[in-house]
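Residue-level structure breakdown
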Amino acid sequence: MTQPTPVRRVPDALQPFRVLDGCCCIGGGTEGYRRAFPGCHITGVDIEPQPDYRGDDFHQGDAIAFILAHGHEFDFIHISPPCQGEGAPTKGTNRARNAAIGRTYPRLIGPARAALETTGRPYVIENVPGSEVRKDIRLCGEQFGLGVLMHRYFELGGWTAPQPVHPRHRGRVRGWRHGEYHEGPYVAAYGKGGGKATVEEIREAKGIDWSTDHLRLREALPPAYTEWIGAAYLATLAPRLGVAA
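These numbers come from a predicted model, not from an experiment.

Some words on the sheet that holds strand β7 (residues 152-157)
- Ordered in space as β3-β2-β1-β4-β5-β7-β6, the 7 strands form an open sheet in which the pairing is mixed. Taken across any chain shown, the strands that pair with only one partner, and hence form the sheet edges, are β3 (57-60) and β6 (137-139). With direction set aside, neighbouring strand axes in the sheet form an average angle of 20°.
- Pairing of strand β1 (residues 18-22) with strand β2 (residues 41-46), which is carried by 5 bridges, proceeds in the parallel orientation. Within β2, the position partnered with R18 by the bridge is H41.
- Strands in contact with helix α4 (residues 109-119) are β4 (76-79), β5 (123-127) and β7; relative to β5, the strand with the most contacts, it is inclined by about 170°.

Spelled out as structure tokens, the structure:
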């Protein structure tokens, strides 16, 4: 298993460090950035109410509109556009079925990127395999010893970081597949039934202990992912500002 980038201190010149987490859900990503940027202030924005949100401030509303209006006020911006309109699971038969029942999901990565680029701030766009997000960084639960695989891609705007090694998976995701039940070291943190993870299993597998909402736990990023992303960003600042890592 590879180790996360060592946590570095936010330079005094950047205090207070303000982070914006768009489409924040309950704040799995927020918690990771809090760990990576000690003493930071994190604002979350989501179209849905999020009573379990983990950050310092929360605004209910459109995250892209918020970025356009206020993104320049922050030092670092993250957004996780809803994956229902982006990834491979929504394509083909699933997309046809959704269209048949009148259910549509907007594709928001392009508009999010355009909004982020107006701010002049470093940013991250996170999404699933098969989405239009640029594949700068791929993270997997196995890299952090988690009980989920949950491959996610991260587009880095205004900065770069090296791709960490992706270790071999230790086995299968537990549950039913094509009429056959499989055991494995990972739980299926999506959907219900068929051996998929319970609330407590998701909490343990992702390292999230502040919510018991099954749907939002399934949607949330493991904090370890954004802790790694945040630490990688700080590593780019040290030589630029002439401070110790």
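Still more to cover.
Details of the confidence of the model for the chain
- This prediction gives the chain a mean pLDDT of 88; 82% of its residues lie at or above 70.
- Across residues 1-5, where pLDDT falls below 50, the model places 12 contacts with residues more than four positions away in sequence or in other chains.
- Contacts from residues 89-99, a stretch scored under 50 in pLDDT, to residues over four places away or in other chains number 11 contacts.

Description of the pairing of β4
- Neither face of β4 is open: one carries F76 and H78, the other I77 and I79, and all of them are buried.
- Pairing of β4 with β5, which is carried by 3 bridges, proceeds in the parallel orientation. When the bridges of β5 are listed, I77 appears paired with Y123.

Re helix α1 (residues 28-36)
- Burial analysis of α1 places 7 of its 9 residues in the buried class, which makes it a mostly covered element.
- Of all the residues in α1, the buried ones are G28, G29, T30, E31, G32, Y33 and A36.

What about the nonpolar core?
- Within the largest apolar cluster, 42 residues are counted, with the highest numbers of intra-cluster contacts made by F37, F76, F154, W159 and I229.
- Elements with a contribution of two residues or more to this core: α1, β6, β7, α5 (199-206) and α7 (223-241).
- No other element matches α7, which puts 8 residues into this core.
- Excluding residues that lie within four positions of it along the chain, F154 makes contacts with H78, V124, I125, E126, R134, K135, D136, I137, L139, L221, Y225 and I229.

Observations concerning the packing of helix α2 (residues 63-70) against α4
- Two numbers describe how α2 lies on α4: the axes approach to 8 Å, and their chain directions differ by 15°. What the angle tells us is that α2 and α4 run roughly parallel. Every pair of crossing elements has a handedness; the one defined by α2 and α4 is left-handed. Every residue of α4 that contacts α2 at I64, I67 and L68 is listed here: P111, A112, A115, L116, T118 and T119.
- By residue class, the composition of the contact of α2 with α4 is 7 nonpolar, 2 polar and no charged.

Here we look at α5
- Within the sequence span of α5, burial applies to I202, R203, A205 and K206.
- Note on α5: the residue one or two positions beyond its end, G207, has a positive phi of about 75°.

Looking at the packing of aromatic side chains
- All told, the structure shown has 12 aromatic pairs when counted by the stated rule.
- Between F37 and F76, the ring centres sit 5.6 Å apart and the planes meet at 70°, which makes this aromatic pair edge-to-face. Of this pair, F37 sits in the loop between α1 and β2 while F76 is found in strand β4, placing the two residues 39 residues apart along the sequence.
- Of the residues examined, F37 reaches a relative accessible area of 0% and is grouped as buried.
- F76 sits in the buried class, given a relative accessible area of 0%.
- Centre to centre, the rings of F76 and W159 are 6.2 Å apart; their planes meet at 55°, and the pair counts as tilted. Here the residue F76 occupies a position in strand β4, and W159 occupies one in the loop between β7 and β8 (175-177), the gap between them amounting to 83 residues.
- In this structure an aromatic cluster arises from ring pairing among F17, Y33, F37, F76, W159 and Y233.
- Over the aromatic face of F74 sits the side chain of R18, whose NZ or CZ is 5.1 Å from the ring centroid.

Here is what the cut-offs are and how they apply
- Residues numbered from 1 in each chain as written.
- Predicted model: local features only at pLDDT ≥ 70, side-chain atom pairs only at ≥ 80, totals over all residues.
- Heavy atoms only, no water.
- Pairing = 2+ DSSP bridges.
- Helix = DSSP H or I, 4+ residues; strand = E, 2+ residues; numbered from the N terminus.
- Axes fitted to C-alpha atoms, helices over the stretch in contact; angles between N-to-C directions.
- Contact = heavy atoms within 4.5 Å.
- pLDDT = per-residue confidence, 0-100.
- Buried < 20%, exposed > 50% of the residue type's maximum accessible area, 1.4 Å probe, protein only.
- Core = buried A, V, L, I, M, F, W, Y, C linked by side-chain atoms within 4.5 Å.
- Parallel < 35°, antiparallel > 145°, perpendicular 65-115°, else oblique.
- Left-handed = near helix turned anticlockwise from the far one by under 90°.
- Nonpolar A, V, L, I, M, F, W, Y, C, P; charged D, E, K, R; others polar.
- Phe/Tyr/Trp six-rings, centres within 6.5 Å; stacked < 30°, edge-to-face > 60°.
- Lys NZ or Arg CZ within 6 Å of the ring centre and 35° of its normal.

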